[in-house]
Amino acid sequence: MKSRSWMLLSAVACSLFATSAHAQPPGYQARTDRRYPQVVEFLKRLESKHPGRVSRFVLGRSDSGADIEGLRIGSGPGRGMIVATHHGNEYGSSEVALAAAADLSEQPISTMTVYVVPVLNVGGYNSRSREEKASGRSHDPNRDYPGPCGSDSEFALRSTRALAEFVARESIVSVATLHTHYPAVVYPWGFSTRDLETAHQAEFVKLVEASVVESRYETGNSSTVIYPANGTFEDFAFWKHGIWSLLFELGFSHSPRVAEIEEMVRVNFPGLRSLIETAPKRRASRHAFTGKCDDSLRILDRRDE
Ligand SMILES: [Zn+2]
């Protein structure tokens, strides 16, 4: 009897250890083969599990013809947002967004309403391609926003226009956009300039530090840590509206396996919660770009993150 009790105790201890080593939010299970219909199913499940607390919304219609769906979580006065998969091949970022949605649905932040869009680029996500197609042409969605030093295009895609209209209409104050891979968490400015500091450098440093509580990812200015890129959402949202916008480059691969996704989730969902809790409740007051553009830096955009 004694040895049987001991074995039982050991089994319980082992399972507890296993749970903490790969701790995932309740209701979330990592997958590599999800396509958009399964993402929508996941959102529906969270909505029906948490009625009154979680509801679906439509960001807009994408060029693929599908509605871009999201979840509204909680009912606090603050307005935060998580958006994944501007780049369709970066499916690991959608997994982290779904896990964060599950976590926030289970334990909403009382002061916040958080909007989660797990897949912005629906066509690219389904075909595992970086770009998104509109009228027969491919566009990089995270080069499709207006910016002070120009961009590839300005709202050639319905998805990017819908997101820009949404953050304006819903008075969104802070946004985390999720990508793969580097790993790092970075802040504006990130376009072709040598004048990289915004007027709110200290606040941005505080925000990235909150975002890497578990992951210990590298942090810093977007251009310095990754590379300069014109027409990104993060620069647009801060420049146009003073929205506190951070870009997460998650994990170590564009094609993570299940165990790698579990690790990306484990180390990042606490940081996303911490970022949303820490972010200022009002938009930044000084968000104009007062520096000079330097077009010679454009060639440094590698377009692979
Ligand atoms: Zn990306």
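Residues numbered from 1 in each chain as written. Predicted model: local features only at pLDDT ≥ 70, side-chain atom pairs only at ≥ 80, totals over all residues. Heavy atoms only, no water.

Looking at the chain, pLDDT values average 94 and 93% of them are 70 or higher. Confidence drops under pLDDT 50 across residues 1-8; counting only partners more than four residues distant or on other chains, this segment forms zero contacts. In this model, residues 10-19 is a region of pLDDT below 50 whose contacts with residues beyond four sequence positions or in other chains number zero contacts. (pLDDT = per-residue confidence, 0-100. Contact = heavy atoms within 4.5 Å.)

So, on to the nonpolar core. Grouped together as the largest cluster of nonpolar side chains are 79 residues, with contacts concentrated most on Leu59, Met81 and Leu178. Looking at this core, the element that brings in the most residues is helix α3 (residues 91-106), giving nine residues. Dropping the residues within four chain positions of it, leucine 178 is found in contact with Ile82, Val83, Ala84, Thr85, Ser93, Val96, Ala97, Phe248, Leu250 and Leu272. Core analysis: the second largest hydrophobic core is formed by six residues, Val186, Ile226, Tyr227 and Leu247 among them. (Core = buried A, V, L, I, M, F, W, Y, C linked by side-chain atoms within 4.5 Å. Buried < 20%, exposed > 50% of the residue type's maximum accessible area, 1.4 Å probe, protein only. Helix = DSSP H or I, 4+ residues; strand = E, 2+ residues; numbered from the N terminus.)

For side chains of opposite charge, pairing can occur when their charged atoms come near one another. Across all of its chains, the model carries 21 salt bridges by this definition. Here glutamate 47 makes a salt bridge to arginine 56, at a shortest N to O gap of 3.2 Å. Judged by its relative accessible area of 29%, arginine 56 falls in the partly exposed class. Each of the salt bridges in this network shares a partner with another, and the network as a whole consists of Arg143, Asp152, Asp301 and Arg303. (Salt bridge = Lys/Arg side-chain N within 4 Å of Asp/Glu carboxyl O.)

Within the secondary structure layout, arginine 34 lies in the loop between α1 (2-21) and α2 (36-49). Here the side chain of arginine 34 touches glutamate 95 through a polar contact of 2.8 Å, side chain to side chain. Beyond its immediate stretch of four places on either side in the chain, arginine 34 contacts Tyr28, Gln29, Val39, Phe42, Glu95, Leu98, Tyr125 and Arg128. (Polar contact = N/O pair within 3.5 Å; in protein donor to acceptor, adjacent residues only side chain to side chain.)

Around the zinc ion, the protein supplies His87 (ND1), Glu90 (OE), Glu90 (OE), His179 (ND1) and Glu305 (O) as donor atoms, at distances of 2.1 to 2.7 Å. Read from N- to C-terminus, the donor residues coordinating the zinc ion fall into the pattern H-x2-E-x88-H-x125-E. Grouping residues by exposure puts histidine 87 and glutamate 90 together as buried. (Donors = N, O, S within 2.8 Å, 3.2 Å for Na, K, Ca; no water.)

Defined simply, a disulfide is a covalent bond joining two cysteines at their sulfur atoms. Within the structure shown, the criterion is met by one disulfide. Two residues, cysteine 149 and cysteine 293, share a disulfide whose sulfurs are 2.0 Å apart. Across the disulfide from cysteine 149 to cysteine 293, rotation about the S-S bond amounts to roughly -85°, and the bridge is consequently left-handed. Here cysteine 149 is found in the loop between β6 (137-139) and α5 (158-169), whereas its partner cysteine 293 is found in the segment after α9 (258-278), with 144 residues between them in sequence. On the accessibility criterion, cysteine 149 (7% relative accessible area) is buried. (Disulfide = S-S within 2.5 Å.)

Right, let's talk about the sheet that holds strand β8 (residues 184-187) for a bit. Across the sheet, eight strands lie side by side as β1-β2-β4-β3-β7-β10-β8-β9; this open sheet has mixed pairing. Edge strands, defined here as strands with exactly one partner in the open sheet, are β1 (54-61) and β9 (218-221). Strand-to-strand twist across the sheet, computed as the mean angle between neighbouring axes with direction ignored, equals 20°. Docked against the sheet, α9 engages β3 (78-84), β4 (112-117), β7 (174-180) and β10 (244-250), running at close to 175° with respect to β10. (Pairing = 2+ DSSP bridges. Axes fitted to C-alpha atoms, helices over the stretch in contact; angles between N-to-C directions.)

With that out of the way, let us pick up the packing of α5 against helix α8 (residues 233-241). Two elements in contact, α5 and α8, have axes whose closest approach is 12 Å; the angle formed by their N-to-C orientations is 35°. The handedness of the crossing between α5 and α8 comes out as right-handed. Contact with α5, carried on its side by Leu163, Ala164, Val167 and Ala168, involves Phe233, Phe236 and His241 of α8 and no other residues of that element. For the contact of α5 with α8, the per-class residue count stands at six nonpolar, one polar and no charged. (Left-handed = near helix turned anticlockwise from the far one by under 90°. Nonpolar A, V, L, I, M, F, W, Y, C, P; charged D, E, K, R; others polar.)

As for its placement among the helices and strands, serine 105 is situated in helix α3. Taking C-alpha positions, serine 105 is 29 Å from arginine 130, a pair spaced 25 residues apart along the chain. Ignoring sequence-local partners within four residues, the contact set of serine 105 consists of Leu46, His50, Arg53, Val54 and Ile73. A polar side-chain atom of serine 105 sits 2.6 Å from the main-chain carbonyl oxygen of alanine 101.

What follows deals with α2. Between its first and last C-alpha, α2 extends 20 Å over 14 residues, near the 20 Å set by a 1.5 Å rise per residue. Each element contacted by the buried residues of α2 is listed here: β1, β2 (67-73), α3 and α4 (122-127). (Expected span 1.5 Å × (residues − 1).)

Summed over the entire model, instances satisfying the criterion amount to 16 aromatic pairs. Taken together, a centroid distance of 5.4 Å and an interplanar angle of 70° make the contact between tyrosine 145 and phenylalanine 233 edge-to-face. Linking tyrosine 145 in the loop between β6 and α5 with phenylalanine 233 in helix α8, this pair joins segments that are 88 residues apart in sequence. In this structure phenylalanine 233 comes out as buried when scored by relative accessible area, which is 0%. Within the aromatic cluster, the residues linked to one another by ring pairs are Tyr187, Trp189, Phe191, Phe204, Phe238, Trp244 and Phe289. (Phe/Tyr/Trp six-rings, centres within 6.5 Å; stacked < 30°, edge-to-face > 60°.)

We now examine the side chain of serine 274. Looking at the secondary structure, you find serine 274 in helix α9. On the accessibility criterion, serine 274 (14% relative accessible area) is buried. Polar side-chain contacts of serine 274 include one of 2.9 Å to the backbone oxygen of alanine 210. The residues touching serine 274, leaving out its near neighbours within four places in the chain, are Ala210 and Val213.

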